[in-house]
Structure formats: C-alpha cells, structure tokens
Amino acid sequence: MAQVYFTPGPAELYPTVSQHIKTALDEHIGSISHRSAAFRKIYQHTDEQLRTLLNIPATHAILFTGSATEIWERMIQNCVEFESFHCINGSFSQNFTIRPMI
C-alpha cells in the first residue's frame, strides 16, 4: 500500500486537478445544497473511500474543516476542560500555543 502524507502546503497539485475542477464545474458540484440527496451521496462516497484508504474504523468520525487552525480551535473548544498538553514539531506547529481561557 502506498504511503499517504497529509502535510500543510504549499504543495504541487496532482497532474489531473484541472480536469477534476472542470468536471466539478460542468456538473455544478459547487451549487449542490448540503442538504440534498446528491450531496449526501458525494459525502457518503468520500467517507467510504477515506475509510478504505486509511483503514479508519466505523467507530471513528471523519470531519472536514477549512484549515488546521479551525481544527485546533474546535479541539480546544470541545475537548479541553481545564488544560491540555501538546507535542509539536516544526515552525507551523509552533503557532499552536495554548493560552488560558478566562
């Protein structure tokens, strides 16, 4: 199985990205309501494929967010009651500093 890396950009785009964007525009993917059956079908397919690719068990949720910063914010808001401890590595990760919430 090929190794998969999720790293912050900048990164080189996959060679067929322009065709995928064209297909999405032709099929009006950006105009589909997030409440529609069409969106639910796309979401279900994406969920199933990620679970297969990354061997994610059904007991774990897959969440889509806009940025790493949003993930950090959601993690703090929803998972930390008093304090947390994080091992970080690299200049991007050093931006993730915890300050006491008053």
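Residues numbered from 1 in each chain as written. Predicted model: local features only at pLDDT ≥ 70, side-chain atom pairs only at ≥ 80, totals over all residues. Heavy atoms only, no water.

Caption draft 1: Looking closely at the overall build of the protein. Counting its secondary structure elements, the protein contains three helices and zero strands. Shown N-terminal to C-terminal, the secondary structure of the protein runs as helices and strands in the order α-α-α. Every one of the 102 residues in the protein was classed for burial, and the buried ones make up 7%. A fraction of 21% describes how many contacts in the protein between residues 6 or more apart in sequence connect residues 24 or more apart. For the protein, the accessible surface area stands at approximately 9,500 Å², while carbon and sulfur atoms represent 59% of it. (Helix = DSSP H or I, 4+ residues; strand = E, 2+ residues; numbered from the N terminus. Buried < 20%, exposed > 50% of the residue type's maximum accessible area, 1.4 Å probe, protein only. Contact = heavy atoms within 4.5 Å. Areas by Shrake-Rupley, 256 points an atom, 1.4 Å probe, with all protein chains shown as cover.)

Caption draft 2: Local environment of helix 2 (residues 37-54). In this model helix 2 runs 26 Å from its N-terminal to its C-terminal C-alpha over 18 residues, within 8% of the 26 Å that 1.5 Å per residue would give. The first or second residue beyond helix 2 is Asn55, which carries a positive phi of 55 degrees. (Expected span 1.5 Å × (residues − 1).)

Caption draft 3: Local environment of the side chain of Arg51. Along the chain, Arg51 turns up in helix 2. For Arg51, a relative accessible area of 19% gives the class buried. If we skip the residues at most four places from it in the chain, Arg51 touches Ile56, Pro57, Ala58, His60, Ala61 and Ile62.

Caption draft 4: Representation of the packing of aromatic side chains. Overall, the coordinates contain two aromatic pairs when judged by the stated rule. Aromatic side chains Phe39 and Tyr43 sit 6.1 Å apart centroid to centroid with 40 degrees between the ring planes, which places their arrangement in the tilted category. With Phe39 and Tyr43 both in helix 2 and four residues apart, this pair spans about one turn of that helix. The class of Phe39 is partly exposed, set by a relative accessible area of 30%. Relative to Phe64, the ring of Tyr43 has its centre 5.6 Å away and its plane inclined at 80 degrees; by these criteria the two rings are edge-to-face. (Phe/Tyr/Trp six-rings, centres within 6.5 Å; stacked < 30°, edge-to-face > 60°.)

Caption draft 5: Layout of the side chain of Asp47. As for its position among the elements, Asp47 is in helix 2. For Asp47, the side chain forms a polar contact with the side chain of Arg51, separated by 2.7 Å. (Polar contact = N/O pair within 3.5 Å; in protein donor to acceptor, adjacent residues only side chain to side chain.)

Caption draft 6: Summary view of the pattern of salt bridges. Throughout the structure, instances matching the rule amount to four salt bridges. When the shortest N-O distance is used, the salt bridge between Asp47 and Arg51 registers 2.7 Å. Of this pair, Asp47 and Arg51 are both found in helix 2, four residues apart, which corresponds to roughly one turn of the helix. Here Asp47 falls in the buried class, since its relative accessible area comes to 17%. (Salt bridge = Lys/Arg side-chain N within 4 Å of Asp/Glu carboxyl O.)

Caption draft 7: Looking closely at helix 3 (residues 68-79). Given a rise of 1.5 Å per residue, 12 residues ought to cover 16 Å, and the 16 Å separating the end C-alpha atoms of helix 3 matches this to within 8%. One side-chain oxygen of the residue at the start of helix 3 lies 3.1 Å from the amide nitrogen of Glu70, identifying that residue as Ser67.

Caption draft 8: Highlighting unusual backbone geometry. Non-glycine residue His28 carries a positive phi angle of around 55 degrees. Within the secondary structure layout, His28 lies in the loop between helix 1 (17-26) and helix 2. Residue His28 is classed as exposed on the basis of its relative accessible area of 53%. Phi at Asn55 takes a positive value of approximately 55 degrees, unusual for a residue other than glycine.

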